[in-house]
Amino acid sequence: MFSKLMKKTIAVAAIAAMTSVMAAVATPWWTIDFDSYTDGAKVSASTETQGTWTQQEDDLSVVTETEDGNVLSLNTQGKDLLWTPNDPAESYDSVILDADVKFVASDVEPTPDNSMQTAIYLKATDDGDVLCVYQNTADGAAWEAKDAFTIADGDTKHVTITIDYSDETPMVTLTIDGTSVEYPVANVAEKVSSVAFRGTGVVDNFKAQTSVNATYVASVDDQQFETYAAALAYVAANGGTLTITGDSDETLSFGELTFNSDATIDLNGKTIEASFVVDNGAQFSIDNGTVNAPMGYDVVYIKNGKATVGANAVLNASDNCAVFMKNKDNADAELALDVYGTLVGAEGFGTIQGNGSNLPASVINIYDGATVTNENDLAIYHPQNGTLTIGAATIAGTTGIEMRAGNLVVNENAIIEGTAEFSATPNGNGSTVLGAAIALSQHTTEQPTSVTVNGGTLKGARAFYQDNLASGTSTSVSATIAAGTTLDGVIEVAEEGFMMPQAADGSYTLIVSLASVDGQKFETYTEAFDYVVANGGDLVITGASDETLGVYNITKNATIDLGGQSITAAFVVDGGAQFSIDNGTVTAPTGNDVIYIKNGKATVEADATLVASTDCAVFMKNLDNAEAQLALDVYGTLVGAEGFGT
């Protein structure tokens, strides 16, 4: 590949790009054994099977015998003696020449062919011999002297030339007896497919190939890559299936990569640091390895598309989410996630988290065998419209799942755990509950929110917790827990106006509570009033009802907060009971006083109105017990009827 030339002759070792070659696989060295040639044979008469010598007319180059064996003696008569492998390999990293070359200096500058990638010759000057290379310069392709080498006419040197095509501008590495220089190829439009010699001189121990045994560490479909970075950049830009095939000593931190086309990544057991943005409807999947998020980034951020986390994939958040889903601009966007593998969260965010302002409804499926955990925060925070379905998976965080909007379906064999001590704190822009396996806490957006538990295990200080810590009163909320669900923790419905009683079959259903007495909730007014008659206490009405009530004998201290409602009822105060009523209207049934004080005290508070129908608003009478109490405090409004004093 190098020419050994005589003085006053053209001394060029030229590497010519005769064809354009695309990337594929590497092949072994092409090795020419000159000892197998007949002494004095013309080169073109070679019986070599690995390639072809093309010898032009008048070229006198021959294989000659020396004391150490046969060598190629060059005498090309100004022509090019060309070596072309029979089956050139395709590569981005090509070793073009590996040989021992006897340099012959010349004071005539060669004229390279336009297809040449690079060439070398030893230039004879008055100050000594200088090695020159043919390379790209600011003024185009030209000869440049390389002072790094000390070579004189007649010296034999071991020479290798390598061209790296992985960059936009391919670079040549010329190494002579261990000293190397690097420079850009002369012709960037072609790749090497053959080697040419011009001039006189000697070549020995000849090895040539059009590709090195490059260490490919990844592929995208049929494309091979020598670095993970190049493969990831390619698949992000073009889509396809990326498979890591080998080890790499590069820094395995790749920042944020945006995928606008369908892509699959098979990490093949490797661990990398990266953040993936899924957009433009792309279908993205990752499996068989670990991805750690760079600080300040989610592992996967779904803007528009679907992400699938394979069964053998682990996504570790650093200071954001493992998977974040957000699109506030495009109602037609897709926000979809399938999880078969492992997601690990970090403090400050849910492991999986959406955004309450999302326009499209999300679809999240956590499949059998998947794991979603967070030791320092929620496992799943779901403030957006959409559906979250949990299979036989493990979900564990300070709260397992907080639903602030959307629909949750938990199927059999799921394990959901809230690991923190219980607390509930109002928050219009984030989570509200700690220590619950499942929390139902409707957002200020007031989107329909439901929880359906078909089985599995709910574990935490609260197995299930419901409250409205944002807007005060929930609308369009529902929850059911099937019989047979393992509840390792209490069920608490903290919001007034809702309750979750256990049915005869062992199931629980969130229903409207119309009243409570000292925090105990009742489905009807009748149940609440019967309870307060029997036990006393503070009764609060929390919802409207058209029930028909009767006459209630109050013998234990009791207060009634009507919650702004109007009822028809009558109360008899006896046994020394202290009774008060406020915040609504009571109309007496026909034939009854609103309040009949026999022994005790009644207080009509400022926001209460008592309306008589046929008798008194308040009647006081005891003919049998001189020690009885007949007391009345009125701050509100009493309205009488014809025939009796108010």
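Description of the structure in this document. Just so you know, these numbers come straight off a predicted model, no measurement behind them. (Residues numbered from 1 in each chain as written. Predicted model: local features only at pLDDT ≥ 70, side-chain atom pairs only at ≥ 80, totals over all residues. Heavy atoms only, no water.)

**With respect to the overall build of the protein chain**
As a reminder of what qualifies: Runs of E in the DSSP output that reach at least two residues are strands. Runs of H or I that reach at least four are helices, and both are numbered from the N terminus. Both definitions apply: the radius of gyration is a C-alpha atom measure, and the globule rule equals 2.2 Å times residues to the power 0.38. Type-normalised accessible area, obtained with a 1.4 Å probe on protein chains alone, sets the label of each residue: buried when under 20%, exposed when over 50%, and partly exposed for intermediate values. Residue contacts are defined here by distance: any two heavy atoms, one from each residue, within 4.5 Å place the two residues in contact. Only the protein chains shown count as cover for residues, with accessible areas throughout obtained via the Shrake-Rupley method and a probe of 1.4 Å. In summary, the charge assignment counts Lys and Arg as positive and Asp and Glu as negative, without counting His or the chain termini. For the purpose of locating charges, the reference atoms are NZ of Lys, CZ of Arg, CG of Asp and CD of Glu.
The helix and strand tally for the protein chain stands at 2 helices and 61 strands. The C-alpha atoms of the protein chain give a radius of gyration of 44 Å, which is well past the 26 Å a tight globule of 646 residues would have. In terms of its C-alpha atoms, the protein chain occupies a principal-axis envelope of roughly 150 × 45 × 35 Å. Expressed as a percentage of its 646 residues, the buried residues of the protein chain come to 50%. For the protein chain, restricting intrachain contacts to residue pairs at least 6 apart in sequence, the fraction spanning at least 24 positions comes to 57%. Within the structure as shown, the protein chain displays about 26,600 Å² of accessible surface, and the carbon and sulfur contribution to it stands at 44%. Here the protein chain carries 25 positive and 85 negative side-chain charges, and the mean point of each set is 6 Å from the other.

**Points about the environment of L97**
Mapping L97 onto the fold places it in strand β7 (residues 93-102). Sequence separation between L97 and F206 is 109 residues, and the spatial gap between their C-alpha atoms is 7.9 Å.

**Some details on the sheet that holds strand β61 (residues 637-639)**
Keep this limit in mind: Pairing between strands requires that DSSP locate at least two bridges from one strand to the other. Where helices are involved, their axes are fitted lines through C-alpha atoms of the stretch in contact, as for all axes, and angles between N-to-C directions lie from 0 to 180°.
Spatially, the 4 strands line up as an open sheet ordered β52-β55-β58-β61, and their pairing is parallel. Edge positions in the open sheet fall to β52 (566-568) and β61, since each of these has one partner strand only. Neighbour to neighbour, the strand axes of the sheet diverge by 15 degrees on average, direction disregarded. With 4 bridges connecting them, strand β55 (residues 584-587) and strand β58 (residues 608-611) associate as parallel partners. The partner of V586 across the bridge, within β58, is L610.

**Remarks on unusual backbone geometry**
Its identity is not glycine, yet D58 carries a phi of approximately 80 degrees, on the positive side. With respect to the helices and strands, D58 occurs in the loop between β3 (51-54) and β4 (62-66). Phi is positive for N413, close to 75 degrees, though the residue is something other than glycine. Within the secondary structure, N413 sits in the loop between β35 (406-410) and β36 (415-418). Classification of N413 by relative accessible area gives exposed; the value is 58%.

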